[in-house]
Amino acid sequence: MDPVSCVNPIYQGYLYNNRWAITDFWTRANTLDAAIHFVNAAYSKWPAQAQQWRDGMATRLGTGTQPQTEDQFFQPMLDNVGVWDDDFAWCGLASLSAYDFLRAYDLSGGHNHAAVYLDIAQTCWLRMVGTGYDLATEVMPVPHGCRNSSASASSNPMGIKNTVTNAGFFLLSLRLYNTLKTATPQKTAAAQGYLKMAYAQYQWFSRWFTEPNLSKYQYLKLVTFNKGVMGGLVNERPLPDGIYNSLDNPPYEPGCAWSGDQGLILAALAGMLQIADELALYVQAHVDPTFDKTAFTTDVTTWIRQIAQGVQQLLVGADGIVREAPFKALMSNDSMTGFVFSKDYVSGRGVLLRCLAFPEVKTALSAAGVSFDDNLNKTANAVCASLEPGPANQVDVTFGVEDADFQAAFKSYWQFGDGPIGWTFDTSQGALVDTIVQAVGLDAIGAAIPLQ
């Protein structure tokens with residue numbers, strides 16, 4: 001089965017699994033984002049076939065008479081003091097996807113309701129700033145960044161400056177800037193604040209990715225592969241001394257690197273390259289008059305190449321199919337060790353594949369001399385071949401491929417990892433996991449559709 005022939009079955013399986021019943025905040029946001037990108041890709045390629053899905057998505061988002069629209073789920077969560085900062089990033093990004101979708105949709109009411117999702121995205125950004133952003137300048141070795149905390153935990157040291165929170169905040173800031181920079185004068189002025197934060201988040205990552213921090217802490221860990229190819233992955237969190245040195249929430253495993261983080265960082269870095277000219281004007285005028293756009297472009301292109309080559313060498317098997325790094329912290333559900341977040345981490349390959357298909361990422365990868373087209377096609381083929389028969393058309397969590405050789409190769413190069421290891425989940429969450437994995441399948445097929 002190839003990506004073209006399973007476009008309809010995989011989306012019907014997604015609908016069959018009743019994604020709309022998800023009550024987990026960040027999971028609902030991320031799976032909605034997957035569905036929006038899939039529908040957009042299908043409609044762009046085959047408008048006649050995908051029109052019904054486009055109409056259904058528009059109704060679900062709020063252009064029709066459907067009383068249970070997505071914004072009605074998101075909005076009450078925005079005042080929930082128990083929501084963690086990274087959850088707001090997922091909701092904000094999905095809401096911007098919904099905003100763009102409705103702006104492009106031509107039925108009456110779509111344009112007006114789009115503003116609701118823009119408001120949600122802006123509120124998510126404010127929540128991240130209010131509960132997690134570190135204003136202290138004396139923090140060593142890299143000041144600022146966003147701690148994954150919640151309003152209910154703001155008075156205690158819970159929460160860490162991990163990758164998903166900071167990459168999500170980076171990308172959300174950048175996307176809000178791009179959304180508002182050509183809007184009304186009032187919104188254009190607000191856009192400058194988002195650009196300021198996007199640049200601050202860029203600086204946070206760039207200080208980790210350059211010497212002396214690069215070699216000393218290896219937050220971006222680089223490996224030399226066959227034929228002298230150098231690449232690496234960004235770890236799940238930076239781990240130097242001091243306040244960064246938290247091993248909890250979630251529990252830390254040495255060397256752990258998540259596929260979803262790599263996608264978010266590639267998307268954010270590629271987005272910064274896309275606005276290099278306007279970024280240079282802003283930074284030179286408001287932050288650093290000595291800002292060198294050429295050096296900036298060289299650095300960002302280098303990091304994109306290194307991370308992309310790390311993904312190709314470490315997260316792709318010899319068969320060209322994208323996998324997850326073999327870590328208990330990612331794949332296990334074991335209350336004795338505290339590694340109980342497999343339900344969340346299983347979405348990572350979908351996030352990565354979705355980001356690899358973004359136009360700005362493909363442009364940046366081309367400039368860096370890297371292409372994932374073959375991997376996107378082969379992964380989509382594997383997903384299609386893994387569909388279980390029946391109305392659910394359920395995607396297999398391993399895409400139906402053998403992981404033992406891949407995991408052994410990963411550990412050989414990376415020098416960390418577990419295995420042979422498989423995915424385990426809380427049995428009470430089986431239906432939810434099925435829906436999340438189906439969304440991963442949507443991301444895989446959606447990323448390959450433009451290549452057909």
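- In the nomenclature of an unreviewed UniProt entry, the protein chain corresponds to Glycosyl hydrolase from the organism Pseudonocardia yunnanensis.

What about the packing of aromatic side chains?
Then, number 1: Applying the stated criterion to the full structure yields 34 aromatic pairs.
Then, number 2: Considering the side-chain rings of Trp208 and Tyr217, the 5.9 Å spacing of their centres and the 80° angle between planes classify their relative orientation as edge-to-face.
Then, number 3: Accessibility expressed as a relative area gives 21% for Tyr217, which makes it partly exposed.
Then, number 4: A connected cluster of aromatic rings, assembled from ring pairs, spans Phe170, Tyr199, Tyr202, Trp204, Phe205, Trp208, Phe209, Tyr217, Tyr219, Phe291, Phe296 and Trp303.
Then, number 5: The cationic tip of Arg28 hangs over the ring face of Phe73; the distance from NZ or CZ to the ring centre is 4.1 Å.
Then, number 6: Over the aromatic face of Trp414 sits the side chain of Lys221, whose NZ or CZ is 4.5 Å from the ring centroid.

Quick word on unusual backbone geometry
Then, number 1: Looking along the chain, the bond that leaves Met140 and enters Pro141 is cis, with omega of 0°.
Then, number 2: Secondary-structure assignment places Pro141 in the loop between α6 (110-132) and α7 (163-180).
Then, number 3: Gly419 connects to Pro420 through a cis peptide bond whose omega is 5°.
Then, number 4: Look at Gln415: it is not a glycine, yet its phi comes out positive at around 70°.
Then, number 5: One can find Gln415 in the loop between α18 (404-414) and α19 (430-448).
Then, number 6: When its relative accessible area of 58% is taken as the criterion, Gln415 is described as exposed.

Quick notes on the rules
- Along each chain, the written sequence defines residue order, and numbers are assigned to residues from 1.
- It should be noted that, the model being predicted, local features are given only for residues of pLDDT at least 70 and side-chain atom pairs only at 80 or more, the latter also being counted only at that level, while totals for whole chains, interfaces and linings use all residues.
- Derived side-chain values reflect all non-hydrogen atoms in the structure, with water molecules and hydrogen atoms excluded from consideration.
- Working definition: rings of Phe, Tyr and Trp (its six-membered ring) pair if their centres are within 6.5 Å, and the pair is stacked with planes under 30 degrees apart, edge-to-face with planes over 60 apart, and tilted otherwise.
- When accessible area is computed with a 1.4 Å probe and restricted to protein chains, residues below 20% of their type maximum are described as buried, those above 50% as exposed, and intermediate ones as partly exposed.
- Note on geometry: a ring has a charge over it if NZ (lysine) or CZ (arginine) is within 6 Å of the ring centre and within 35 degrees of the ring normal.
- Put simply, DSSP marks the helices as runs of H or I at least four residues long and the strands as runs of E at least two long, and each gets a number from the N terminus on.

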